[in-house]
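# Close look at the chain arrangement
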Amino acid sequence: MTMVGMGRVVTARPNATQHDIGRLRRVERRMTRTRIDSAAGRLQPKFGALMLGVAIGATALACSTLAVYAAAGQPVSGQLGLQDAATPVMEYIRWFHNSWVNPMIIAITVFVMALLAYVMWRFSEKNNPVPSKLTHHTGLEVAWTVLPIMILVAIAIPSFKLLFEEYRYPKPDLTIKATGNAWFWDYEYPDNDKIKLTANMISDEDLLEAKLGRDGYAKQFGALSGTQLTKALYQEAKPLWLAPPEKYAGGRLVRQLSVDNEIAVPVNKVVHVLITSNDVIHSWTVPSFGSKVQAVPGRITATWFQATKEGVYYGQCSVLCGRNHSAMPIAVRVVNDQAFANWVAAVKARDMKKARGILLAATEGIEPRSFAELTGDAQIEGPAEGVLEAAAK
Ligand SMILES: [Cu+2]
């Protein structure tokens, strides 16, 4: 007798026993089943795997969304995802990343992983001893060409919209020129009495010197050097970051992000920032504004932002520019119009302490009493109760 399976002819010997014929029938059945599976005839298990993939994808997406911590203007410990938005451009960037491209990436990754796992199991030697000789499937070929094209177009359209928005440059209410230096930023406000200021990062050393005085500092740390010194400074300065010495006019300081002279901008106003460099390439970056522009010597580049929330927003130089690359942060205070005008006047008068006090009063709820004292020569008082408690949280 003759049996046909997968194009191979299985022939039983003329004197085959009943047992032999039963065995051949089993082989034939298995071959037929394999052929049907291989020709993508059995959709059931693939559909199951796809559904499993979708379920895993949805769970992963839910987890990743939950793990995105909110952070206003600065990174937080354990943060996943982007910082909070303070401008419409950054809101768009966050939507594009969190709600558009990332879900696609997760779904595709999970789908491919599930498909791979299914194929490894279903078409293993054990489960599929006689492989299919199928080489073409028009439907599949069309699907895996057209689907990726559609995905890319779906990404490209909002991506171009975002790019155009970033380069739209609405009419400015105010312009700032930022110049990168190794390793600090210089700022000029050409439209606001041409005020100029230099922003240097506040270090552990700065806080300890402000607290102990030059002599006290030398006495405590003069004998140390290298890593020993760095460690000692870090340990001793730790509490000062929450309660900085009087020199810094109270307020909250953030290690590696706070600077001595912050720049200020009025809320809801369109700000153009012209960026250049005095030496090597730096990058003026403020994540919450969605601004990240290279500072190139001999060239002027630009970014624009319209901050819609008052507060302090931090950024860092984002092009590796040398030894102290990590020590040239950017700090921008977004304040109301009146506070901005007062701040400009204080900077023009070179009263940087008063200038800082004005910004703190406007954004960190320092007592109005202390704010009133800013108009005289009185020392600026520390932050109101509550500011430090909030900072300690
Ligand atoms: Cu730099």
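Residues numbered from 1 in each chain as written. Predicted model: local features only at pLDDT ≥ 70, side-chain atom pairs only at ≥ 80, totals over all residues.

## Notes on the pairing of strand 8 (residues 282-286)
We apply this condition: Any residue with 12 or fewer other C-beta atoms within 10 Å of its own C-beta is exposed, any with 20 or more is buried, and the rest are partly exposed; the C-beta atoms used are placed from the backbone. Note on conventions: DSSP H or I runs of at least 4 residues are helices, E runs of at least 2 residues are strands, and numbering of each starts at the N terminus.
Buried residues dominate strand 8, accounting for five of its five residues. Here strand 8 shows a buried face lined by His 282, Trp 284 and Val 286 and a second buried face lined by Ser 283 and Thr 285.

## Description of the sheet that holds strand 6 (residues 263-266)
As a reminder, the rule being used: Here a strand pair is declared whenever DSSP counts at least two bridges between the two strands. Geometry is summarised by axes, namely lines fitted to C-alpha atoms with helices restricted to the contacting stretch, and by angles between N-to-C directions that run from 0 to 180 degrees. By definition, residues are in contact whenever their C-beta atoms, placed on the basis of the backbone, come within 7 Å of each other.
On the basis of which strands lie adjacent, the open sheet formed by three strands has the order 6-12-11 and mixed pairing. At either end of the open sheet lies a strand with only one pairing partner, and these are strand 6 and strand 11 (311-316). Taken pair by pair, the neighbouring strands of this sheet meet at an average axis angle of 25°, ignoring direction. Across six bridges, strand 11 lies against strand 12 (residues 329-335) in antiparallel orientation. Within the sheet, the bridge partner assigned to Gln 316 lies in strand 12 and is Pro 329. Where helix 8 (residues 352-363) meets the sheet, it contacts strand 6, strand 11 and strand 12, and its direction lies at approximately 60° from that of strand 12.

## Describing the pairing of strand 3 (residues 174-181)
Where strand 3 and strand 7 (residues 271-277) come together, seven bridges link them in parallel fashion. The residue of strand 7 that forms the bridge with Ile 176 is Val 273. Relative to strand 4 (residues 184-189), strand 3 runs antiparallel, the two sharing five bridges. Within the sheet, the bridge partner assigned to Lys 177 lies in strand 4 and is Glu 188. In textbook terms, the turn of a hairpin is the stretch between consecutive antiparallel strands, and for strand 3 and strand 4 this stretch comprises two residues.

## Comments concerning the sheet that holds strand 7
With mixed pairing, five strands are arranged side by side in an open sheet as 5-4-3-7-10. The sheet is open, and its two edges are formed by strand 5 (195-199) and strand 10 (301-305), each paired on a single side. Within the sheet, the average angular offset between the axes of one strand and its neighbour, ignoring direction, is 20°.

## Brief notes about the confidence of the model for the protein
Here is the rule we go by: On a scale of 0 to 100, pLDDT captures the predictor's confidence in every residue.
The predicted model of the protein has a mean per-residue pLDDT of 82, with 74% of residues at 70 or higher. Considering only residues more than four positions removed or in separate chains, one finds that residues 1-12, a stretch of pLDDT under 50, has 22 contacts. Predicted confidence is poor over residues 368-372, with pLDDT under 50, and the contacts of this stretch with residues over four places away or in other chains come to five contacts.

## Regarding the nonpolar core
Our working definition: Nonpolar cores are identified as sets of buried Ala, Val, Leu, Ile, Met, Phe, Trp, Tyr and Cys residues joined via C-beta atoms within 7 Å.
Counting 57 residues, the largest nonpolar core has Tyr 313, Val 332, Val 335, Trp 343, Ile 358 and Leu 359 as the members making the most contacts within it. Residue contacts for Val 332: discarding those within four places in its chain leaves Glu 262, Ile 263, Val 265, Val 286 and Tyr 313.

## As for the environment of Pro 244
Along the polypeptide, Pro 244 turns up in the loop between helix 6 (226-237) and strand 6. For Pro 244, a count of 24 C-beta atoms within 10 Å translates into the label buried. It is 8.9 Å that separates the C-alpha atoms of Pro 244 and Ala 210, two residues lying 34 residues apart in sequence.

## Here's the deal with helix 5 (residues 204-221)
Going by this rule: Take the number of residues in a helix, subtract one, and multiply by 1.5 Å to get its expected span. For a residue, the bend is simply the angle between two axes, fitted respectively to the seven-residue segment ending there and the seven-residue segment starting there.
Helix length check: helix 5 (18 residues) gives 12 Å between terminal C-alpha atoms against 26 Å at 1.5 Å per residue, more than 12% under. A bend of about 110° at Gly 213 is the largest found in helix 5. For helix 5, the complete set of buried residues consists of Asp 204, Asp 206, Leu 207 and Leu 208. On the buried face of helix 5, the contacting elements are helix 6.

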